[in-house]
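Fold and geometry: a report
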Amino acid sequence: MRVISTLLLLLLLITIGSSSLPTNPKQRVHVPCKRLVFYFHDIIYNGHNSKNATSTIVGAPSWGNKTILANQNHFGDLVVFDDPITLDNNLHSPPIGRAQGFYIYDKKDIFTSWLSFSFVFNSTHHKGTLNFAGADPLMNKTRDISVIGGTGEFFMARGVATISTDAFEGEVYFRLCVDINLYECW
Amino acid sequence: MRVISTLLLLLLLITIGSSSLPTNPKQRVHVPCKRLVFYFHDIIYNGHNSKNATSTIVGAPSWGNKTILANQNHFGDLVVFDDPITLDNNLHSPPIGRAQGFYIYDKKDIFTSWLSFSFVFNSTHHKGTLNFAGADPLMNKTRDISVIGGTGEFFMARGVATISTDAFEGEVYFRLCVDINLYECW
Amino acid sequence: MRVISTLLLLLLLITIGSSSLPTNPKQRVHVPCKRLVFYFHDIIYNGHNSKNATSTIVGAPSWGNKTILANQNHFGDLVVFDDPITLDNNLHSPPIGRAQGFYIYDKKDIFTSWLSFSFVFNSTHHKGTLNFAGADPLMNKTRDISVIGGTGEFFMARGVATISTDAFEGEVYFRLCVDINLYECW
């Protein structure tokens, strides 16, 4: 009995040790509980490409309009988008979801933006949504934004997504790579 | 003594079992720590209803304007709202708070939107705010968005809100039912 | 052995007691794990101050325009900003970061707004971002909004920020004090 109780105690200590780990933030090792990498493709409406466009300017400063991105680094332009998400960097790959939301250009001096959007999945790959918000200083090679929540397969998710511009063509097309690292998975 | 220690061990096992449950995401049972159901009522300004309107178009694509929702499924319309929240589905029930924020129509092919808003309560029912963000594919019977934070009574809250369209009249009025399930309560 | 096992049990009880504290929300004492106080300065473009302006109207209701805040308490105006953050309340203090995002005036009857933005730091003081969202009923002395995420130094942060209007001059300049209290620090 004594041996058993000692063994049980040891077992308990181990159990407690491991189970209490996540409760102390200081002890956390920042290893994501889930990692996902996607691409999404944004084609801005410019007055001539309504068939292919996936986004459009809906708000502009007094010196701007809705079909040409404003000067002063597009400061004040607000763009609404519904972009295809693909697993690789090919615009023509079968989309596995949609990136839906908006971005604003928010600085006069340099190109920089702020965005808030959702990844909406409803396919065999994934079912659910991930919600994002954060600053996107375009001139930096990589930018970190927050994963502020999720639903379905990504129920209650939180994390950090690292965005990088994978390609851009003039002021009409750009492609972002989104490296999603979730640190709270339910 | 042996009996007592065994009993204590059992007690410990039970205590650990229950207390460690929330620390291990895999073990979590997804029971909300708080559930709230509300309705909110949106009356879009159409040029003739300024007295009753609770929302207005403030951003529109180049082919749209500010008093009529744009064609192509309203793609690109951005609407700012301050809507009454009621406990039942009657527009004329005493409002217990305000739903304040915006939504955008973000797709050309079908009706779908994206929204971010707060529920602002300052009454005997509730005091505090809840903040929401997420995709709202209107054609689905129910849509899940994220509760991304809260203040006051809802300090640090997180969860999932299930939205359903309870009624709509033409392109002027709609009523949403919001079934809020919080899974993080402080 | 009996004494040791009893001592171990006691030790266990204490260990469990302390380690399980953070897992039970009811028991949490709401002491922030990090507190930061900043000021940010917003100068709205009015058609004549393009050199100093840090924000501009980009969305307006049908009765408004882009250089004058609309009547009816600015209801429907959407403003994009890139404001300097300072440690004290002096507009001319060296900025230690930028507040980037947008706000909307969302009520006809009184002044009230809704905002979503990031604090972007890249200096010796701080490196990283904090993301915010929430209702901002301007007429209240203090308003609580949510810290919905963070990156870099503020990796995975969550909390509540208390905003107060520190000064305003006409409809062109206002200064906000932001008292940030983080309750989730990694």
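Predicted model, so just to flag it, every value in this text is computed and none were measured. (Residues numbered from 1 in each chain as written. Chains lettered and ligands numbered in written order. Predicted model: local features only at pLDDT ≥ 70, side-chain atom pairs only at ≥ 80, totals over all residues. Heavy atoms only, no water.)

Looking at the overall build of chain A
Which entries qualify depends on this criterion: Strands are runs of DSSP state E lasting at least 2 residues, helices are runs of H or I lasting at least 4, and numbering of each runs from the N terminus. Note on definitions: a residue-residue contact is assigned when non-hydrogen atoms from the two residues lie within 4.5 Å. Using a 1.4 Å probe, the Shrake-Rupley method yields the accessible areas, and only the shown protein chains count as cover for residues.
Looking only at helices and strands, chain A features one helix and nine strands. Order of helices (α) and strands (β) in chain A, N terminus to C terminus: α-β-β-β-β-β-β-β-β-β. Across chain A, contacts joining residues at least 24 apart in sequence account for 47% of those joining residues at least 6 apart. Total accessible area on chain A stands at roughly 7,800 Å², and carbon and sulfur atoms take up 58% of it.

Some remarks on the environment of Y183 of chain A
Counting through the fold element by element, Y183 of chain A comes out in strand β9 (residues 173-184). As for Y183 of chain A and F132 of chain A, which are separated by 51 residues in sequence, their C-alpha atoms are 14 Å apart.

Topic: the nonpolar core
All names here are of chain B. Rules: What is meant by a nonpolar core is a set of buried Ala, Val, Leu, Ile, Met, Phe, Trp, Tyr and Cys residues, joined one to another through side-chain atoms within 4.5 Å. The buried label applies to any residue whose accessible area, calculated with a 1.4 Å probe on protein chains only, is under 20% of its type's maximum; exposed applies above 50%, and partly exposed to all values in between.
The biggest cluster of nonpolar side chains holds 32 residues, and the ones touching the most others in it are F40, F119, L130, F132 and I180. For this core, the elements supplying multiple residues, two or more each, are β1 (34-43), β3 (78-86), β4 (97-105), β5 (113-122), β6 (127-136), β7 (143-152), β8 (158-169) and β9 (173-184). Leaving out residues up to four positions away in the same chain, I180 has contacts with K34, R35, L36, F38, F119, L130, F132, V147, V160 and A161.

Details of the confidence of the model for chain A
All names here are of chain A. For clarity, the cut-off: Along the chain, pLDDT gives the predictor's confidence residue by residue, from 0 to 100.
Taken as a whole, chain A shows an average pLDDT of 86; of its residues, 84% reach a score of 70 or greater. Across chain A, strand β7 (residues 143-152) holds the top mean pLDDT of 98, while helix α1 (residues 2-20) sits lowest at 52. Scored below 50 in pLDDT, residues 14-27 shows 16 contacts in the model against residues more than four places distant or in partner chains. Here the complex is predicted with pTM 0.85, and the ipTM for its interfaces comes to 0.82.

Describing the state of the cysteines
Condition: Here, a disulfide means two cysteine sulfur atoms that sit within 2.5 Å of each other.
This model, assessed by the stated rule, comprises three disulfides over all chains. At a sulfur-sulfur separation of 2.0 Å, the disulfide partner of C33 of chain C is C185 of chain C. Handedness of the C33 of chain C-C185 of chain C disulfide follows from its S-S torsion of about 85°: it is right-handed. Placement of C33 of chain C in the loop between α1 (2-19) and β1 (34-43) and of C185 of chain C in the segment after β9 (173-184) is noted, with a sequence separation of 152 residues between them. You can call C33 of chain C partly exposed: its relative accessible area is 43%. C185 of chain C gets classed as partly exposed once you look at its relative accessible area, which sits at 22%. Distance from the sulfur of C177 of chain B, which forms no disulfide, to the nearest cysteine sulfur (C185 of chain B) is 19 Å. When its relative accessible area of 12% is taken as the criterion, C177 of chain B is described as buried.

A few points about the environment of F168 of chain C
All names here are of chain C. Among the structural elements, F168 can be located in strand β8 (residues 158-169). Taking relative accessible area as the criterion, F168 reaches 61% and is therefore assigned exposed. Sequence separation of F168 and I43 is 125 residues, and the distance between their C-alpha atoms is 9.9 Å.

Describing the pairing of strand β4 (residues 97-105) of chain A
Here is the key point about a regular strand: its side chains alternate between the two faces of the sheet. Residues and elements named next belong to chain A. The condition that has to hold: What makes two strands pair is DSSP finding at least two bridges between them.
For β4, the tally of buried residues reaches eight of nine residues, placing the bulk of the element in the interior. Where β4 lies against strand β5 (residues 113-122), eight bridges are found, and the strand directions are antiparallel. Residue F102 lies in a different strand from β5, and its bridge partner there is S116.

Some points on the packing of aromatic side chains
The geometry of an aromatic ring pair is captured by two quantities: the separation of the ring centres and the angle between the planes. In plain terms, the rule: Pairing of aromatic side chains here covers Phe, Tyr and the six-membered ring of Trp, requires ring centres within 6.5 Å, and sorts the geometry by plane angle: under 30 degrees stacked, over 60 edge-to-face, intermediate tilted.
Per the stated rule, a full pass over the model turns up 69 aromatic pairs over all chains. Summarising the aromatic geometry, the rings of Y183 of chain A and W186 of chain C are spaced 6.3 Å apart at their centres and angled 75° between planes, so their arrangement reads as edge-to-face. Here the residue Y183 of chain A occupies a position in strand β9, and W186 of chain C occupies one in the segment after β9, the pair thus bridging two chains. Between F40 of chain C and F117 of chain C, the aromatic rings sit 5.6 Å apart at their centres with planes inclined by 50°, giving tilted as the arrangement. Of this pair, F40 of chain C sits in strand β1 while F117 of chain C is found in strand β5 (residues 113-122), placing the two residues 77 residues apart along the sequence. Residue F40 of chain C is classed as buried on the basis of its relative accessible area of 2%. Three or more aromatic residues joined by ring pairs make a cluster, and in this case those are F38, F40, F81, Y103, Y105, F111, F117, F119, F121, F132, F154 and F174 of chain A.

Some remarks on the pattern of salt bridges
All names here are of chain A. To keep it simple, the criterion reads: By definition, a salt bridge exists where a carboxyl oxygen of Asp or Glu is found within 4 Å of a side-chain nitrogen of Lys or Arg.
On inspection of all chains with the given rule, the structure shows 21 salt bridges over all chains. Close ionic contact of E184 with R158 constitutes a salt bridge, the shortest N to O distance being 3.6 Å. Taken together, the residues span a long stretch of sequence, with E184 in strand β9 and R158 in strand β8 (residues 158-169) at a distance of 26 residues. Given the relative accessible area of 11%, E184 is considered buried. R158 sits in the buried class, given a relative accessible area of 1%.

Details of the side chain of D82 of chain C
Here is the rule: Here a polar contact is recorded for every N or O atom pair within 3.5 Å, except that within protein the pair must consist of a potential hydrogen donor and a potential acceptor, and residues adjacent in sequence are included only if both atoms are side-chain atoms.
Turning to its location among the elements, D82 of chain C is positioned in strand β3 (residues 78-86). A relative accessible area of 5% places D82 of chain C in the buried class. For D82 of chain C, the side chain forms a polar contact with the side chain of Q100 of chain C, separated by 3.0 Å. Residue contacts for D82 of chain C: discarding those within four places in its chain leaves D106 and K107 of chain A together with T54, R98, A99 and Q100 of chain C.

Details of the pairing of strand β4 (residues 97-105) of chain C
As defined by bridge partners, β3 of chain C adjoins β4 of chain C across eight bridges and the pair is classed as antiparallel. When the bridges of β4 of chain C are listed, F81 of chain C appears paired with G101 of chain C.

Some points on unusual backbone geometry
Notably, M156 of chain A is not glycine yet its phi reads approximately 65°, a positive angle. Residue position: M156 of chain A is located in the loop between β7 and β8.

Observations regarding the side chain of T54 of chain B
Topologically, T54 of chain B is positioned in the loop between β1 and β2 (55-59). What T54 of chain B contacts, discounting residues up to four positions off in sequence, is H41, D42, I43, V80, F81, D82, D83 and P84 of chain B together with F75 of chain C.

Some remarks on the environment of P95 of chain C
All names here are of chain C. Structurally, the position occupied by P95 is in the loop between β3 and β4. By relative accessible area, which is 48% here, P95 ends up partly exposed. Along the sequence, P95 and I44 sit 51 residues apart, while their C-alpha atoms lie 18 Å from each other. Ignoring anything within four residues of it in the chain, the contact list for P95 reads P84, I85 and T86.

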